[in-house]
Amino acid sequence: MATHQQNPAVTDLIARSNRLGSDAKNTNYAGGNTSAKGTETDPVTGQDVELVWVKGSGGDLGTLTESGLAVLRLDRMRALVGVYPGVEREDEMVAAFDYCLHGKGGAAPSIDTAMHGLVDAAHVDHLHPDSGIAIATAADGEQLTATIFGDKVVWVPWRRPGFQLGLDIAEIKTRNPQAVGCILGGHGITAWGETSKEAEQNSLWIIDTAAAYIAEHSKAEPFGPALDGYGALPEPERRARAAALAPTIRGIASADRAMVGHFTDTEVVLDFLAAAEHPRLAALGTSCPDHFLRTKVKPLVLDLPASASVEEQLARLEELAVAYRDDYQAYYDRHATPDSPAIRGKDPLIVLVPGVGMFSYGKDKQTARVAGEFYVNAINVMRGAEGLSTYAPIDESEKFRIEYWALEEAKLQRMPRPKPLATRIALVTGAASGIGKATAAKLAAEGACVVIADLSLEKAQTAAAEIAGDKGADVAVGVQVDVSDAAAVQAMVDTCVLAFGGLDLVVNNAGLSLSKSLLETTEADWDLQHNVMAKGSFLVSRAAAPVLIAQRLGGDIIYISSKNSVFAGPNNIAYSATKADQAHQVRLLAAELGEHGVKVNGVNPDGVVAGSGIFAGGWGAQRAAVYGVEEKDLGKFYAQRTILKREVLPEHIANAVFVLCGPEMTHTTGLHVPVDAGVAAAFLR
Ligand SMILES: NC(=O)c1ccc[n+]([C@@H]2O[C@H](COP(=O)([O-])OP(=O)(O)OC[C@H]3O[C@@H](n4cnc5c(N)ncnc54)[C@H](O)[C@@H]3O)[C@@H](O)[C@H]2O)c1
Ligand SMILES: [Zn+2]
């Protein structure tokens, strides 16, 4: 077979989609879809075949590539009209799309495929722009559409996405040859063109014309007058307040299922919450179909001013959480039918705190972040709609039909099983090197979000970037910390809480080693090692514990102690003594934190030469000299001293940390696990 030649229609479609999708004003993340029709030679018959390429289910326009397109035969797709059983059974048509695929068909066809295939235009864009949805959700949206666009854009009353909506839009296009697109009530826009360029121009014209009209005609204060005490706190105070509230709010959002969090204090959110109408509008909920699974119908809104104390806010949030869950259950009960999917959890996904910002939640960081982005879209939509008219989203029963749509449920069921540490947030100190870095990498590979803390910000960020790969800050972030400095440790925990919503797994790993005899050990040597290890891990545990307790999600604190915490040898007084201190912290904290479901365990490594900064920094050379071997052979030398005769690598320590905090080891606390290839003198008893 000759190498695949991309059809020019596809090249244009991808370029157009990427341009449209990378500008936030045009559509929300992963929202909307685009298509092109064109001709190719059918490899079976050698004849021309008419195809439609349409963005498949799930992907994002901004980053769309050819593999994200579904490819269907136009004749077969359009022939479905003949067997269409009517709107009551329109969902069946999605499965029928599979019988229209060309070749292997590319990506899975989405529910919007009918609209693209049935509309008689070579290029079609369906988008979710804030400006367009503002018109689509205005109480007099139909009238506004006529006023703003004349007969060039047609109003289509709300209808759930599907085959019937495709038929409706196709008919509108036929009946209104002068029209370039339509406003879909409660939902978004669709535009078309005979060329890719024309479709793109028409889309942008609708979006920009709507935005310009709103800018010119909106009332001055669409969200009403300022509410006393609800204005934004000054930035440092706002962030500190957010960090103080975040663990409890994450606990609230995770009552049914653990969640990762995202926080934003963007002006859009703060302005909305500072104005009088925000409680009414927030209660009306979002409208655009792809919002419901991501943000739930409505957010939880704290009804206290920013001047309230943290304690008052926390107490009120707990009350509101109970009410939110009752309210959500009632909503489910009002609308569920016997064949509805089971309720998916009653906790809020969006929590709004006036003066502070927005917390959003999801099964991973990316989902949590996008949920927040969607709510910002919703605020923009409400501002536009209220500025011109009254915000009137679709009916609650329609929202429910979308949230619990069988097709959406099927998509959820098809999702791959989450990784063992999914939704867990880990903080590893000293993670820019050696054992810490290997541990952070392992925890991330098993699904955790990780904060990499170390003395050098640059090294911490480099390690984070290496571990996260193309997922970036959604998986790992680097922070600077000196663990012996209480203020720096608190700032590190706050950064973690604001980055991922909370904290579950704490790994006290930062350390350094000076191998000296008693007589050579200076006070400064003693203090340095005790400050970093004994005191440092105490400070980290002390700053982390309130977060773990407030979340009510249990958690783990793991100490990287050492064989030397139990083994006695010469030239190690300060290091081994502070390691013994750390080891006893494990037992003390296991006893103290157990009532909160927090497990505290330790790992005793030994002889981890490869990758270890401790060994590279002189200790290795010194040890090698003591044993009369070359420094490069030290790892192998240590291996020969072990029972198993195996060299211990950073990965082996990381694996032990994973086992201790992973899903299997649920009933063990106060334990140290030796990872030393077997050293009888350091056996625990
Ligand atoms: N390598 C071994 O054989 C071995 C054996 C037993 C225990 N351990 C322990 O394992 C841990 C990691 O050791 P490693 O071998 O990976 O060493 P490493 O030097 O490669 O890593 C230690 C990291 O801790 C960081 N660090 C030091 N002081 C800090 C401070 N004040 N604040 C924040 N970060 C600080 C360093 O910058 C470094 O990145 C240490 O606690 C060490 O005592 C190591
Ligand atoms: Zn849509």
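Look up a bit, the structure's there.
Residues numbered from 1 in each chain as written. Chains lettered and ligands numbered in written order. Predicted model: local features only at pLDDT ≥ 70, side-chain atom pairs only at ≥ 80, totals over all residues. Heavy atoms only, no water.

The bulk of non-glycine residues show a negative phi, and the bulk of peptide bonds are trans. Backbone geometry places Thr423, a non-glycine residue, at a positive phi of 75°. Here Thr423 lies in the loop between α16 (406–414) and β13 (425–429). In the Ramachandran plot, Arg552 falls in the positive-phi region, its phi being about 60° despite a non-glycine side chain. Along the chain, the position of Arg552 falls in the loop between α20 (523–551) and β17 (555–560). (Helix = DSSP H or I, 4+ residues; strand = E, 2+ residues; numbered from the N terminus.)

All right, on to the environment of Pro289 then. Checked against the element boundaries, Pro289 lands in the loop between α11 (278–284) and α12 (292–295). In sequence terms Pro289 and Arg160 are 129 residues apart; their C-alpha atoms lie 8.0 Å from each other. If near-sequence neighbours (up to four positions away) are discounted, Pro289 is found in contact with Trp158, Pro161, Gly186, His187 and Ile402. (Contact = heavy atoms within 4.5 Å.)

What follows concerns the nonpolar core. By size, the foremost hydrophobic cluster in this structure holds 69 residues, and its most contacted members are Phe359, Met492, Leu503 and Val600. In contact with Val600, other than residues within four places in its own chain, are Ile557, Tyr559, Val586, Leu589, Ala590, Leu593, Thr669, Gly670 and Leu671. One finds Leu443, Ile467, Val507 and Phe658 within the second-largest nonpolar core, a separate group that totals 33 residues. (Core = buried A, V, L, I, M, F, W, Y, C linked by side-chain atoms within 4.5 Å. Buried < 20%, exposed > 50% of the residue type's maximum accessible area, 1.4 Å probe, protein only.)

With that out of the way, let us pick up the coordination of the zinc ion (ligand 2). Protein-derived coordination of the zinc ion (ligand 2) comes from His126 (NE2), His128 (NE2) and His187 (NE2), at a distance range of 2.0 to 2.1 Å. For His126, a relative accessible area of 0% corresponds to the buried category. A relative accessible area of 4% places His128 in the buried class. (Donors = N, O, S within 2.8 Å, 3.2 Å for Na, K, Ca; no water.)

Once that is clear, we can look at the site of ligand 1. Taken together, 26 residues surround ligand 1, and among them Ser433, Asp454, Tyr575, Ser612 and Gly613 come closest. In the model, a nitrogen atom of ligand 1 is placed 2.9 Å from a nitrogen or oxygen of the Asp482 side chain. At 3.4 Å, a backbone N or O of Gly607 approaches an oxygen atom of ligand 1. Relative to its unbound accessible area of 830 Å², ligand 1 is 92% covered by the protein chains. At the level of secondary structure, the elements contributing two or more residues to the shell around ligand 1 comprise α17 (434–445), α21 (573–593) and α22 (613–627). When residues of the shell around ligand 1 are assigned to their parent elements, the largest contribution, three residues, is made by α22. For the shell around ligand 1, the residue count by class is twelve nonpolar, eleven polar and three charged. (Near = heavy atom within 4 Å. Polar contact = N/O pair within 3.5 Å; in protein donor to acceptor, adjacent residues only side chain to side chain. Areas by Shrake-Rupley, 256 points an atom, 1.4 Å probe, with all protein chains shown as cover. Nonpolar A, V, L, I, M, F, W, Y, C, P; charged D, E, K, R; others polar.)

The values are spatial; any link to function lies outside them.
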